[in-house]
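Next come the chains, spelled out residue by residue.
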Amino acid sequence: MAGILAPGLTRTLRSLSPLAGQLLEKALGNLRWSRRTLYVQMASPKEVKASIANVEPNLAVEMSEQEVLEEKLENVKAVLQAYRFTGLSGKLTSRGVCVCINTAFEGNLLDSYFVDLVIQKPLRIHHHSVPVFIPLEEIAAKYLQTNIQHFLFSLCEYLNAYSGRKYQADRLQSDFAALLTGPLQRNPLCNLLSFTYKLDPGGQSFPFCARLLYKDLTATLPTDVTVTYQGVDALSTSWEEQRASHETLFCMKPLHQVFASFARKGEKLDMSLVS
Amino acid sequence: MDAELAEVRALQAEIAALRRACEDPPAPWEETSRVQKSFQAIHQFNSEGWKSSKDLKSQLGHLESELSFLSTLTGINIRNYSKQTEDLTGTEMTEKSIRKVLQRHRLSGNCHMVTFQLEFQILEIQNKERLSSAVTDLNIIMEPTECSELSEFVSRAEERKDLFMFFRSLHFFVEWFEYRKRTFKHFKEKYPDAVHLSEGPSSPSIVIRSASQPGPGAGQEQSHRNRSSQLPNPARSAWNRSCSGKPDKIASCRAERLVPKQ
């Protein structure tokens, strides 16, 4: 069924109906297959074609078409698995696509979130696992209809930053509880933290009070840091120096790493007392 | 019968148009609309074939569509991936219900003309409270190796063991590299005497020297790196316009304005 059929031929075909019907179905199937393949090719760079065809040639044994297909299938499945390491992966669904956003902080792999998109005009989010305090609607309003890539990259930024801040706060609570003199106060978005701490837990000094505000929701370091010390000798230079240096440290390094350096200094002090 | 024949004709026309479209490679700034288009198209065909058989060919077709979508979305084309797992749980750990597994991953692929090969290790530790997963080693090999701008963020990613940052930065770097290349190429073609590119269109900087109006000292050159803040005012706005990447905007720049007045 290569050419366009003339009306006379159509009449003849109608008379041969059942067989013609089958042939027509087969032709339609093939045409639809060609169209899909072309869309896939057009939508992706030439390199994807090569990747799809990438099969290790088995020189020793001649492979049947079935085996070639199976090997291709295995390769494609493996590569699809690997996409989660780019931070964005997904699966096609009957409605559209379900995108999975993976988050990480300094090499630590953290929570994943998904966004299930429905392909309709307009494009819409069917459901998702994004926390309520992430401005998903705002980001969707800006980008979803015009640029899916930008929408997802932007959402990635917010989620990765939130994950990172949460990770730092969790590590502070779990690993450095000994240095905290009170509970860590935090909001769900983990962009406002308030805590009190001492460098020498057993000592006589007053604790420091720290308040960290992360105004930029796409960042994992605070924008505003206030450290206060309300001991009686608060005005002495050594306390003032410490207080000021702590403020700088919190701005420059992740929270749990600042406390790790406090803990190390504490160990050094102990050693000097012993000797 | 008639409806099906009509569909045959429609499909044939569509296929002919698609074949023509496949000939021309898209420019980087067209990629975003390409993501939208491919998204719609791939979904359309998958919903068609959704109820169809589970045979190998249609399975492969479905997964290939998925791969194509992810490749377009992330800008990254992964070609090969393999993984090995090693259980490091000792007998002591099993008693305390701690499990330690080391995964070794290897993947390779490309992002337009840049190819990469990654080898990294992930250590998974499962104890009673939680499962922690961390990248413990990351090695990245890039090609082309001469591009110093590329190696900057590659070493940062390796240091921080930040896989996601590497892929995101690679995608943006390549996109903007292409923009810059096309911009420089356009200027070179339009003003061949005034524009000098030390390393061809892939140069990191562009030198603009007027042949007819030399600078205050004889033979003095005005070298402009790809940073608009270093250009004199009229040139800066022209440069900003050209960096938007739209060919019609680039065409409106004039070389005479790029040379500062004496």
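About the thresholds
- Residues numbered from 1 in each chain as written.
- Chains lettered and ligands numbered in written order.
- Predicted model: local features only at pLDDT ≥ 70, side-chain atom pairs only at ≥ 80, totals over all residues.
- Heavy atoms only, no water.
- UniProt positions renumbered as here; feature names shortened; annotations may be inferred.
- pLDDT = per-residue confidence, 0-100.
- Helix = DSSP H or I, 4+ residues; strand = E, 2+ residues; numbered from the N terminus.
- Contact = heavy atoms within 4.5 Å.
- Buried < 20%, exposed > 50% of the residue type's maximum accessible area, 1.4 Å probe, protein only.
- Pairing = 2+ DSSP bridges.
- Salt bridge = Lys/Arg side-chain N within 4 Å of Asp/Glu carboxyl O.
- Core = buried A, V, L, I, M, F, W, Y, C linked by side-chain atoms within 4.5 Å.
- Expected span 1.5 Å × (residues − 1).
- Phe/Tyr/Trp six-rings, centres within 6.5 Å; stacked < 30°, edge-to-face > 60°.
- Disulfide = S-S within 2.5 Å.
- Axes fitted to C-alpha atoms, helices over the stretch in contact; angles between N-to-C directions.
- Left-handed = near helix turned anticlockwise from the far one by under 90°.
- Parallel < 35°, antiparallel > 145°, perpendicular 65-115°, else oblique.
- Nonpolar A, V, L, I, M, F, W, Y, C, P; charged D, E, K, R; others polar.

Chain B is annotated in an unreviewed UniProt entry as Centromere protein P isoform X3 of Sapajus apella.

As annotated in an unreviewed UniProt entry, chain A carries the name Centromere protein O and comes from Sapajus apella. In its Sequence similarities (unreviewed entry) section, the UniProt entry covering chain A states "Belongs to the CENP-O/MCM21 family."

Points about the confidence of the model for chain A
Residues and elements named next belong to chain A. Looking at chain A, pLDDT values average 84 and 82% of them are 70 or higher. Summarising per-element confidence for chain A, the mean pLDDT is lowest in helix α3 (residues 46-52) (49) and highest in strand β5 (residues 185-186) (96). Low pLDDT (under 50) marks residues 47-52, which in the prediction has 17 contacts with non-local residues, meaning those over four places away or in another chain.

Examining unusual backbone geometry
Cis geometry is adopted by the peptide bond preceding Pro122 of chain A, which originates at Lys121 of chain A and carries an omega value of 0°. Relative to the helices and strands, Pro122 of chain A resides in the loop between β3 (108-118) and β4 (124-128). Its identity as a non-glycine residue notwithstanding, Ser97 of chain B has a phi of 50°, on the positive side. Along the chain, the position of Ser97 of chain B falls in the loop between α4 (91-95) and β2 (99-111). Of note, His112 of chain B is a non-glycine position whose phi angle comes to about 50°, a positive value. Tracing the backbone shows His112 of chain B in the loop between β2 and β3 (114-126). Taking the relative accessible area as the measure of exposure, His112 of chain B reaches 33% and is therefore partly exposed.

Observations concerning the sheet that holds strand β8 (residues 224-229) of chain A
Pairing is antiparallel across the open sheet formed by 4 strands, whose spatial order is β5-β6-β7-β8 (chain A). Looking at the sheet topology across the chains shown, the edges are occupied by β5 and β8 of chain A.

Side note on the pattern of salt bridges
Applying the stated criterion to the full structure yields 11 salt bridges over all chains. Here Glu247 of chain A makes a salt bridge to Arg243 of chain A, at a shortest N to O gap of 2.9 Å. With Glu247 of chain A and Arg243 of chain A both in helix α7 (residues 237-252) and 4 residues apart, the pair spans about one turn of that helix. Ionic pairing is found between Asp87 of chain B and Arg99 of chain B, a salt bridge with its closest N-O pair at 3.5 Å. Of the two residues, Asp87 of chain B is situated in strand β1 (residues 77-87) and Arg99 of chain B in strand β2; the sequence distance between them amounts to 12 residues. Overlapping salt bridges, with partners in common, bring together Asp111, Lys166, Asp170 and Arg186 of chain A in one network.

Digging into the nonpolar core
Counting 70 residues, the largest nonpolar core has Leu155 of chain A together with Leu118, Phe166 and Leu170 of chain B as its most contacted members. Once residues within four sequence positions are removed from consideration, Phe166 of chain B is found in contact with Phe116, Leu118, Ile140, Met142, Phe153, Val154 and Ala157 of chain B. Ala169, Leu180, Leu193 and Tyr197 of chain A belong to the second-largest nonpolar core, a separate cluster that totals 23 residues.

Describing the pairing of strand β2 (residues 96-105) of chain A
Put simply, side chains in a regular strand alternate between the two faces of the sheet. Residue and element names in this part refer to chain A. β2 sits mainly inside the fold: 8 of its 10 residues count as buried. Pairing analysis gives 5 bridges linking strand β1 (residues 88-92) to β2, with the strands arranged antiparallel. The residue bridging Gly90 from the neighbouring strand is Val99, located in β2. From the end of β1 to the start of β2, which pair antiparallel, there are 3 residues.

Quick word on helix α5 (residues 148-160) of chain B
All names here are of chain B. Given a rise of 1.5 Å per residue, 13 residues ought to cover 18 Å, and the 19 Å separating the end C-alpha atoms of α5 matches this to within 8%. Taken together, the buried residues of α5 touch β3, β4 (131-143) and α6 (163-190). Just past α5, the residue Lys161 takes up positive phi, approximately 55°.

Some details on the packing of aromatic side chains
Counted under the stated rule, the structure contains 26 aromatic pairs over all chains. Between Phe153 of chain A and Phe172 of chain B, the aromatic rings sit 5.7 Å apart at their centres with planes inclined by 75°, giving edge-to-face as the arrangement. Here Phe153 of chain A is found in helix α6 (residues 148-175), whereas its partner Phe172 of chain B is found in helix α6 on a different chain. Where Tyr197 of chain A meets Phe259 of chain A, the ring centres are 5.3 Å apart and the plane angle is 70°; that geometry is what we call edge-to-face. With Tyr197 of chain A in strand β6 (residues 192-197) and Phe259 of chain A in helix α8 (residues 255-274), this pair connects stretches of sequence that are 62 residues apart. Within the aromatic cluster, the residues linked to one another by ring pairs are Phe176, Phe195, Tyr197, Phe208, Tyr229, Trp239, Phe250, Phe259 and Phe262 of chain A.

Observations concerning the side chain of Gln168 of chain A
Here Gln168 of chain A is to be found in helix α6. Setting aside its immediate chain neighbours within four residues, Gln168 of chain A contacts Phe105, Tyr214, Thr220, Pro254, Leu255 and His256 of chain A.

What to know about the state of the cysteines
Residue and element names in this part refer to chain A. According to the stated counting rule, one finds 0 disulfides over all chains in the structure shown. With no disulfide of its own, Cys100 has Cys98 as its nearest cysteine by sulfur position, at a separation of 7.4 Å. Residue classification places Cys100 among the partly exposed residues on the basis of a relative accessible area of 23%.

Concerning α6 of chain A
End to end, α6 of chain A covers 39 Å across 28 residues, agreeing with the expected 40 Å (1.5 Å per residue, within 8%). Among the 28 residues that make up α6 of chain A, 20 are buried, leaving the element largely enclosed by the rest of the structure.

Focus on the packing of α6 of chain A against α6 of chain B
Viewed as axis vectors pointing N to C, α6 of chain A and α6 of chain B meet at an angle of 145°, and their least axial separation amounts to 13 Å. Relative to α6 of chain B, the crossing made by α6 of chain A is left-handed. Contacts from Gln149, Phe153, Cys156 and Asn160 of chain A in α6 of chain A reach Phe164, Arg168, His171 and Phe172 of chain B in α6 of chain B.

Things to note about the packing of α6 of chain A against helix α3 (residues 56-74) of chain B
Relative orientation of the contacting elements α6 of chain A and α3 of chain B amounts to 70°, with a least axis distance of 9 Å. The orientation of α6 of chain A relative to α3 of chain B falls into the category roughly perpendicular. Each of Ile148, Gln149, Leu152 and Phe153 of chain A in α6 of chain A lies in contact with α3 of chain B, whose residues at this interface are Thr72, Leu73 and Thr74 of chain B. Counted by class, the contact of α6 of chain A with α3 of chain B contains 4 nonpolar, 3 polar and no charged residues.

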